[in-house]
Amino acid sequence: MTMLVEHPVKPLPGIKSLELEITGKCQLTCTHCLAESSPQASHGDMTAEDWCAVIRDAVELGIGTIQLIGGEPTVHPQWRKFTELGLSLGLHVEVYSNLFHVAPAWWELFEREGVTLGTSYYSDDPTEHDRITGRPGSYVRTRANIREAITRGITLRAGIVDILPGQRVTEARAELESMGVEHITTDRARAVGRARLPGQAPTLTEMCGRCTRGRAAILPNGDLAGCVLSRDFPAGNVRETRLGNLLGGKEWAELSAMVPPLRADACPPNDSGDCDPANTEACDPAY
């Protein structure tokens, strides 16, 4: 791990949740993926020790929630270690998974107090859902694992991203509700990653307006961003400088000043912009 700049750690007002994009690998190749994840992607430059240091810094800074995201976070060999560490330090931990694969041994961890699940859902039509994810059978497997989570009493939220013309978004919501999912939000595809048109430059005007406001994100290479969606506008790197220094630094302040005010299509306040029943501050559903 790179030698980091030390700092006196003080609670940081305003930042409530921290998205940890622990890997770029994923079993799916969603057409709109902000991280352009795939089975061929890597876990990035951050080591397990780096991630653990960030989690500890988050606690010392007064951040109450971490979200493990990817890629698909459960393909990272240390995701359970990160979850356990967060729980042991009193954090709320959300695992934002595509729920394509859930090993039997994982359910016990998902049932722990302080853990919630998040997932993405696209359609009640298996063909349409699988077309978006790029993986035949993803609809059946995700749906089955959503049912299992609800049956087990696990708190689960679902985000529906409207991507295709005529996509069965309303029907997807109705299907989720019929399965007992109570926390459902929808969003359009943002022009980030694969959703950006050829030649289209990244811009903060595509954001919902919550970047840096209540939350922050760490990417697989260690970059600090306002959220995983604003990944093209890093404000330093946690492998070089401690998280507290970055969040209290000039680059973060300048990035925050560049983020436009909350948009009309931003996430609803107080019910978590992250579609998160634990009321974290992040964009909806973003993934």
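In this convention, every chain numbers its residues from 1, walking through the sequence in written order. At least 70 in pLDDT is required for a residue's local features to be given in this predicted model, at least 80 for side-chain atom pairs to be given and counted, and no such filter applies to totals for whole chains, interfaces and linings, which use all residues. Excluded from the side-chain calculation are hydrogens and water; included are all heavy atoms of the structure.

1. What to know about the pattern of salt bridges
Quick reminder of the rule: Note on definitions: salt bridges are taken to be side-chain nitrogens of Lys or Arg within 4 Å of carboxyl oxygens of Asp or Glu. Runs of E in the DSSP output that reach at least two residues are strands. Runs of H or I that reach at least four are helices, and both are numbered from the N terminus. Accessibility here uses a 1.4 Å probe with only protein chains present; expressed as a share of the type maximum, an area under 20% marks a residue as buried, one over 50% as exposed, and anything in between as partly exposed.
Across all of its chains, the model carries 12 salt bridges by this definition. In this structure, glutamate 21 engages arginine 231 in a salt bridge whose closest nitrogen and oxygen atoms are separated by 2.6 Å. Of this pair, glutamate 21 sits in strand S1 (residues 17-21) while arginine 231 sits in the loop between strand S8 (224-225) and helix H7 (243-247), placing them 210 residues apart in sequence. A single burial state applies to glutamate 21 and to arginine 231, both of which are buried. Its salt-bridge partner being aspartate 124, residue arginine 168 comes within 2.6 Å of it at the nearest N-O pair. A residue pair is termed long-range when its members are at least 10 positions apart, and arginine 168 in the loop between strand S5 (156-162) and helix H6 (169-178) and aspartate 124 in the loop between strand S4 (115-121) and helix H4 (126-133) qualify at 44 residues.

2. Here's the deal with the pairing of S4
Inclusion rule: Any two strands with at least two DSSP-identified bridges between them are counted as paired.
Counting buried positions along S4 yields seven of seven residues, so the element is predominantly enclosed. By the bridge criterion, four bridges tie strand S3 (residues 92-96) to S4 in an arrangement that is parallel. In the strand pairing of S4, valine 95 is matched with leucine 117. Two strands pair when backbone bridges link them, and S4 and S5 are joined in this way by five bridges, in the parallel orientation. Its bridge partner lying in S5, leucine 117 is registered against leucine 156.

3. Some words on the nonpolar core
Test applied: Here, nonpolar core means buried Ala, Val, Leu, Ile, Met, Phe, Trp, Tyr and Cys residues that are tied together by side-chain atoms lying within 4.5 Å of each other. Whether two residues are in contact is decided by their heavy atoms, any of which lying within 4.5 Å being enough.
Counting 56 residues, the largest nonpolar core has Leu18, Leu20, Phe110 and Ile218 as its most contacted members. What isoleucine 218 contacts, discounting residues up to four positions off in sequence, is Leu18, Glu19, Leu20, Glu21, Met46, Trp51, Val54, Asp223, Leu224, Val238 and Leu243.

4. Some points on the packing of aromatic side chains
Inclusion rule: In this scheme Phe, Tyr and Trp rings, the latter by its six-membered ring, pair at centre separations within 6.5 Å, and the angle between planes marks the pair as stacked below 30 degrees, edge-to-face above 60, and tilted otherwise. To sit over a ring, a charge needs its Lys NZ or Arg CZ within 6 Å of the ring centre and within 35 degrees of the ring normal.
A full pass over the atoms with the stated rule returns four aromatic pairs. On the numbers, 6.1 Å between centres and 40° between planes, the contact of tyrosine 121 with tyrosine 139 is tilted. With tyrosine 121 in strand S4 and tyrosine 139 in helix H5 (residues 138-151), this pair connects stretches of sequence that are 18 residues apart. For tyrosine 121, a relative accessible area of 0% gives the class buried. The structure contains a cluster of three or more aromatic residues connected by ring pairs, namely Trp79, Trp106, Trp107 and Phe110. The cationic tip of arginine 141 hangs over the ring face of phenylalanine 100; the distance from NZ or CZ to the ring centre is 3.9 Å.

5. A look at the packing of helix H1 (residues 48-60) against helix H2 (residues 79-88)
Let me state the cut-off plainly: Every axis in this analysis is a line fitted to C-alpha atoms, fitted for helices over the stretch in contact. Angles between the N-to-C directions lie between 0 and 180 degrees. Should an angle lie under 35 degrees it is considered roughly parallel, over 145 roughly antiparallel, and from 65 to 115 roughly perpendicular; all remaining angles are considered oblique. Crossing chirality is assigned from the near helix's rotation relative to the far helix, an anticlockwise turn below a right angle marking it left-handed and a clockwise turn marking it right-handed. As a working rule, the residues Ala, Val, Leu, Ile, Met, Phe, Trp, Tyr, Cys and Pro are called nonpolar, Asp, Glu, Lys and Arg charged, and the rest polar, with Gly in that last group.
In the contact formed by H1 and H2, the axes pass within 10 Å of each other and the chain directions differ by 20°. By the criterion of interaxial angle, the relationship of H1 to H2 is roughly parallel. Like other packed secondary-structure pairs, H1 and H2 cross with a definite hand, here right-handed. Here Ala48, Trp51, Cys52, Ile55 and Arg56 of H1 come into contact with H2, specifically with Lys81, Phe82, Leu85 and Gly86. Among the residues forming the contact of H1 with H2, the class breakdown is six nonpolar, one polar and two charged.

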